[in-house]
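Descriptive structure summary
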Amino acid sequence: MKTMWKKFLAAALALVLIAALAACGAPASNENEEAQNTPVQPAQESPAPEESPELEEVPAAEEEEIPWPDALPLTFVFSSGAGGWFTELELQPDGSFTGSYHDSEMGEFAEDYPNGTVYVCEFSGRFEALSHPDENTWVLSLEELTASQTMGESWIEEGIRYVAATPYGVDGGTAFTLYAPETPTSGLSEQFLSWWPGRYEETAPATLQYWGLLNEATGSGFFTGA
């Protein structure tokens, strides 16, 4: 009896051992198997960013220099043609100028200055030529204007009181136009032509016949040969 029981127990242990061995050698689940059999895809490298083409620097266009008239230097006068006042301006080939203003008022006198009063201004400056729209016209800009005396300053010499004034006719604006002698008078402003020496002639010429310089803001007209 003991022998049979031992054989039965041995057989049962053998079955348990076989079952355990079978479980250890069982294949992995389908999910694990697919994971093991799926080839690993290499990581794709991001494409390198395209380099922006270098922009070529375009050189700035050089401004064309406007030629001044060959007739320079010229002396211009702004005056009514009568009375004791005038402004004189000498324009150089580079656009620079010097000038003076003079206005005699003999009625303004006193014991200290019995010979009257004279308003004066010595000045200098520079024009820039902006354009040359036609053969007779130059468009100018007043870039510099300096008076040698302080406005209102006064002094007495030989019985005359001198008073520092402004450069009459030049001050008051920065836009100027220079006209050649052959410029037709038709189309020019009446205010400008009111200072023109040709207006005194019995029959006014069809062209200026003089070089003319117009202060666009004030209408003041400077002319050569005045």
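A few points on the structure.

The rules behind the values
Position numbers for residues start from 1 in each chain and track the written sequence from start to end. Since the coordinates come from a predicted model, pLDDT governs what is reported: local features require at least 70, and pairs of side-chain atoms require 80 or more to be given and counted, while whole-chain, interface and lining totals use all residues. Water and hydrogen atoms were dropped before computing side-chain values, which therefore reflect all heavy atoms in the structure. Where helices and strands are cited, they refer to DSSP runs of H or I of at least four residues and of E of at least two residues respectively, numbered from the N terminus. Exposure classes here rest on a 1.4 Å probe applied to the protein chains alone. A residue is buried below 20% of its type maximum, exposed above 50%, and partly exposed in between. Residues are treated as being in contact if the distance between any of their heavy atoms lies within 4.5 Å. Each accessible area is a Shrake-Rupley estimate made with a 1.4 Å probe; only the visible protein chains count as cover when residues are assessed. Working definition of a nonpolar core: buried Ala, Val, Leu, Ile, Met, Phe, Trp, Tyr and Cys residues. They are joined through side-chain atoms within 4.5 Å.

Things to note about the overall build of the chain
In terms of regular secondary structure, the chain is built from three helices and 10 strands. Secondary structure elements of the chain occur, N-terminal to C-terminal, as α-α-β-β-β-β-β-β-β-β-α-β-β. Residue burial in the chain is summarised as follows: out of 226 residues, 31% are buried. Relative to all contacts within the chain whose residues are 6 or more apart in sequence, the contacts with residues 24 or more apart total 56%. A total of about 15,500 Å² of accessible surface is found on the chain, and carbon and sulfur atoms cover 54% of it.

Considering the nonpolar core
Buried together is how nonpolar side chains tend to be arranged in soluble globular proteins. With 26 residues, the main nonpolar core has Phe 76, Leu 89, Leu 91, Phe 127, Leu 140 and Leu 213 as its most contacted residues. Put simply, the parts of the chain that give this core at least two residues each are β1 (74-78), β2 (85-91), β3 (96-105), β4 (117-134), β5 (137-147) and β8 (175-179). In terms of residue count, the dominant contributor to this core is β4 (four residues). Setting aside chain neighbours within four positions, we find Leu 91 in contact with Trp 68, Leu 72, Pro 73, Leu 74, Phe 76, Ser 96, Phe 97, Phe 127 and Leu 178.

Side note on the environment of Ala 206
Structurally, Ala 206 is set in the loop between α3 (190-193) and β9 (212-215). Take Ala 206: its relative accessible area is 59%, and that puts it in the exposed class. Sequence spacing of Ala 206 and Ser 186 is 20 residues, and the spatial spacing of their C-alpha atoms is 7.4 Å. Ignoring any residue separated from it by four or fewer positions in sequence, one finds Ala 206 in contact with Thr 183, Pro 184 and Thr 185.

Comments concerning the side chain of Ser 100
Summarising the element assignment, Ser 100 is placed in strand β3. Residue classification places Ser 100 among the buried residues on the basis of a relative accessible area of 17%. In contact with Ser 100, other than residues within four places in its own chain, are Phe 86, Thr 87, Glu 88, Cys 121, Glu 122 and Phe 123.

Some details on the side chain of Ser 141
Here Ser 141 is to be found in strand β5. If sequence neighbours within four positions are ignored, Ser 141 has contacts with Arg 126, Phe 127, Glu 128, Leu 130 and Thr 174.

Describing the environment of Glu 64
By the element assignment, Glu 64 lies in the loop between α2 (30-37) and β1. Here Glu 64 falls in the exposed class, since its relative accessible area comes to 71%. Along the backbone, Glu 64 and Ser 131 are 67 residues apart, and their C-alpha atoms lie at a distance of 9.4 Å.

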